[in-house]
Amino acid sequence: MDKKAIGVVGAGTMGQGIAQVLVSSGRQVMLYDVAEAQLERAEDKIGKGLARLVEKDKLSEDECSAALARLGKTTSLETLGDCEVIIEAVPEQPELKETLFRDLSALNQDTILASNTSSLSLTRLAAVSERPERVVGMHFFNPVPILKLVEVIRAEQTSDATVAKVEALAEELGKTAVAIADSPGFAVNRLLVPMINEAAFLLQEGVASAEDIDQAMKLGAAHPLGPLALADLIGLDVCLSIMEVLQDGFGDPKYRPCPLLKRMVDAGYLGRKSGRGFHIYE
Ligand SMILES: NC(=O)c1ccc[n+]([C@@H]2O[C@H](COP(=O)([O-])OP(=O)(O)OC[C@H]3O[C@@H](n4cnc5c(N)ncnc54)[C@H](O)[C@@H]3O)[C@@H](O)[C@H]2O)c1
């Protein structure tokens, strides 16, 4: 029997990656966005992503065409009514996600609603939904086709059956799921972003140059990328907002955002996407 379709809400960076791994693993996908043009861009990006897999001999031409044929696009929320799971990847704005979860939970009582939020409380999202036990976090990492982890985040209200279902889906996509309780920053960002913040303190205090801080962690701790280069890749604004979530969530001064990080965000030095962060990009 054919597996049921998966809905993806939000066709940006993460929605595109999630939709790509779903269609290439054999799932029908209904990709929803408010912007028609964004859906076209997403289809194009997904096509290019799949074509790269063909170039690398990881997918045949036929498999590539079949995967693309499994991608549906829509600007009508009702079209997602038959999906087994809906994975939400809209911008990180609490009101936006809460409205969506309220609307999505009214579509079909059996659908599991998973959010790809990096930092918001799943328990709060579950609370606005009609079936809170079917709400869960599925936190993918960027770039989704490459990175193998999915943090499966259990809200206070999430049922065991919901967790089991999304863990099985992650495995179906070739990912490894780790179970995480609903806690600020979950696990990866709570470990990673304070390290980046501390690297910014090292730079601010003149302990070492940006190049040497990155070199130190590459050679001394076998990190593939130094913390400041990684911050530039993630976006300094994203790093700052995660520090603020940790600081608000725990009320612990150890999560104080580095003043240098704040100043750089104020100046518009956001990392690779703005051409300048801790390092300069051409
Ligand atoms: N970018 C990352 O590295 C990363 C990593 C992990 C998790 N996340 C999380 O994933 C989510 C999405 O991030 P992103 O970087 O893909 O964002 P993005 O800005 O690239 O894409 C968001 C998409 O949502 C669409 N959208 C806006 N309002 C909508 C609505 N009401 N309904 C449907 N679609 C709507 C936009 O048109 C856009 O296509 C966020 O919660 C973010 O925290 C991002």
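Keep in mind that this is a model prediction, so the values were computed, not measured.

## Structural notes on the overall build of the protein
Next, step 1: On a plain count of helices and strands, the protein comes out with 11 helices and 8 strands.
Next, step 2: Over its C-alpha trace the protein gives a radius of gyration of 20 Å, about what one expects of a compact globule, namely 19 Å for 282 residues.
Next, step 3: Considered along the principal axes of its C-alpha atoms, the protein spans approximately 60 × 45 × 30 Å.
Next, step 4: Burial status across the protein gives 45% buried among its 282 residues.
Next, step 5: Sequence-distant contacts in the protein: of pairs separated by 6 or more residues, those separated by 24 or more amount to 66%.
Next, step 6: Put simply, the protein shows about 13,800 Å² of open surface, and 52% of that area lies on carbon and sulfur atoms.
Next, step 7: Considering the protein, the positive charge centre built from 29 side chains and the negative charge centre built from 41 side chains are found 2 Å apart.

## Some details on the packing of aromatic side chains
Aromatic ring pairs are reported here in terms of the distance separating the ring centres and the angle at which the planes meet.
Next, step 1: A full pass over the atoms with the stated rule returns 1 aromatic pair.
Next, step 2: Above the ring of Tyr269, the side-chain terminus of Arg276 is found at 3.9 Å from the ring centroid.

## What to know about the sheet that holds strand β4 (residues 85–88)
Next, step 1: In space, the 8 strands of this open sheet follow the order β3-β2-β1-β4-β5-β6-β7-β8, with mixed pairing throughout. Each edge of the open sheet carries a strand with a single partner, namely β3 (71–74) and β8 (176–181). Each neighbouring strand pair of the sheet contributes to a mean axis angle of 25 degrees, computed without reference to strand direction.
Next, step 2: Inspection of the sheet shows strand β1 (residues 6–9) paired to β4 by 4 bridges, in the parallel sense. Bridge pairing in β4 places Val9 opposite Glu88.
Next, step 3: Relative to the sheet, helix α2 (residues 36–55) contacts β2 (29–32) and β3, its axis offset from that of β3 by approximately 165 degrees.

## Structural notes on the site of the ligand
Next, step 1: For the ligand, the set of nearby residues contains 22 residues, the closest of which are Met14, Asp33, Glu92, Lys97 and Ser118.
Next, step 2: One nitrogen or oxygen atom from the main chain of Thr13 is found 3.0 Å from an oxygen atom belonging to the ligand.
Next, step 3: At a separation of 2.5 Å, an oxygen atom of the ligand approaches a polar side-chain atom of Glu92.
Next, step 4: Look at the ligand: alone it shows 830 Å² of surface, and the protein chains cover 75% of it.
Next, step 5: Looking at the shell around the ligand, the elements with two or more residues in it are α1 (13–24), α4 (94–105) and β6 (135–140).
Next, step 6: Here the shell around the ligand is composed, by residue class, of 10 nonpolar, 9 polar and 3 charged.

## Some points on the environment of Ile153
Next, step 1: Among the structural elements, Ile153 can be located in strand β7 (residues 149–154).
Next, step 2: Between the C-alpha atom of Ile153 and that of Leu122, which follows or precedes it by 31 residues, the distance is 7.4 Å.
Next, step 3: If we ignore the near neighbours within four places in the chain, the residues touching Ile153 are Leu122, Val136, Gly137, His139, Ile180, Ala181, Asp182 and Phe186.

## Focus on the UniProt feature "domain: 3-hydroxyacyl-CoA dehydrogenase NAD binding" (unreviewed entry) in the protein
Next, step 1: As annotated in UniProt, the feature "domain: 3-hydroxyacyl-CoA dehydrogenase NAD binding" (unreviewed entry) corresponds to residues 6–182 in the numbering used here.
Next, step 2: Annotated as 41% helix and 21% strand, the span residues 6–182 places its first and last C-alpha atoms 23 Å apart.

## With respect to the nonpolar core
Next, step 1: Grouped together as the largest cluster of nonpolar side chains are 36 residues, with contacts concentrated most on Ile18, Leu22, Val29, Leu31, Ile87, Met138 and Phe140.
Next, step 2: Among the elements that make up this core, the one with the highest residue count is α1 (6 residues).
Next, step 3: If we ignore the near neighbours within four places in the chain, the residues touching Met138 are Ile87, Ala114, Ser115, Asn116, Val150, Glu151, Val166, Leu169 and Ala170.
Next, step 4: Core analysis: the next-biggest nonpolar cluster, separate from the first, contains 24 residues, Ala210, Ala231, Leu236 and Phe278 among them.

## Digging into the packing of α1 against α2
Next, step 1: Between α1 and α2, the least distance of the axes is 10 Å, while the angle of their chain directions is 50 degrees. In terms of axis orientation, α1 runs oblique to α2. Considering how the two elements wind past one another, α1 and α2 form a crossing that is right-handed. On α2, the residues that touch Gln16, Ala19, Gln20, Val23 and Ser24 of α1 are Gln38, Ala42, Lys45, Ile46, Gly49, Leu50 and Leu53.
Next, step 2: Considering only residue class, the contact of α1 with α2 consists of 6 nonpolar, 5 polar and 1 charged.

The rules behind the values
Residues numbered from 1 in each chain as written. Predicted model: local features only at pLDDT ≥ 70, side-chain atom pairs only at ≥ 80, totals over all residues. Heavy atoms only, no water. Helix = DSSP H or I, 4+ residues; strand = E, 2+ residues; numbered from the N terminus. Rg over C-alpha atoms; globule rule 2.2 N^0.38 Å. Buried < 20%, exposed > 50% of the residue type's maximum accessible area, 1.4 Å probe, protein only. Contact = heavy atoms within 4.5 Å. Areas by Shrake-Rupley, 256 points an atom, 1.4 Å probe, with all protein chains shown as cover. Lys, Arg positive; Asp, Glu negative; His and termini not counted. Charge placed at Lys NZ, Arg CZ, Asp CG, Glu CD. Phe/Tyr/Trp six-rings, centres within 6.5 Å; stacked < 30°, edge-to-face > 60°. Lys NZ or Arg CZ within 6 Å of the ring centre and 35° of its normal. Pairing = 2+ DSSP bridges. Axes fitted to C-alpha atoms, helices over the stretch in contact; angles between N-to-C directions. Near = heavy atom within 4 Å. Polar contact = N/O pair within 3.5 Å; in protein donor to acceptor, adjacent residues only side chain to side chain. Nonpolar A, V, L, I, M, F, W, Y, C, P; charged D, E, K, R; others polar. UniProt positions renumbered as here; feature names shortened; annotations may be inferred. Core = buried A, V, L, I, M, F, W, Y, C linked by side-chain atoms within 4.5 Å. Parallel < 35°, antiparallel > 145°, perpendicular 65-115°, else oblique. Left-handed = near helix turned anticlockwise from the far one by under 90°.

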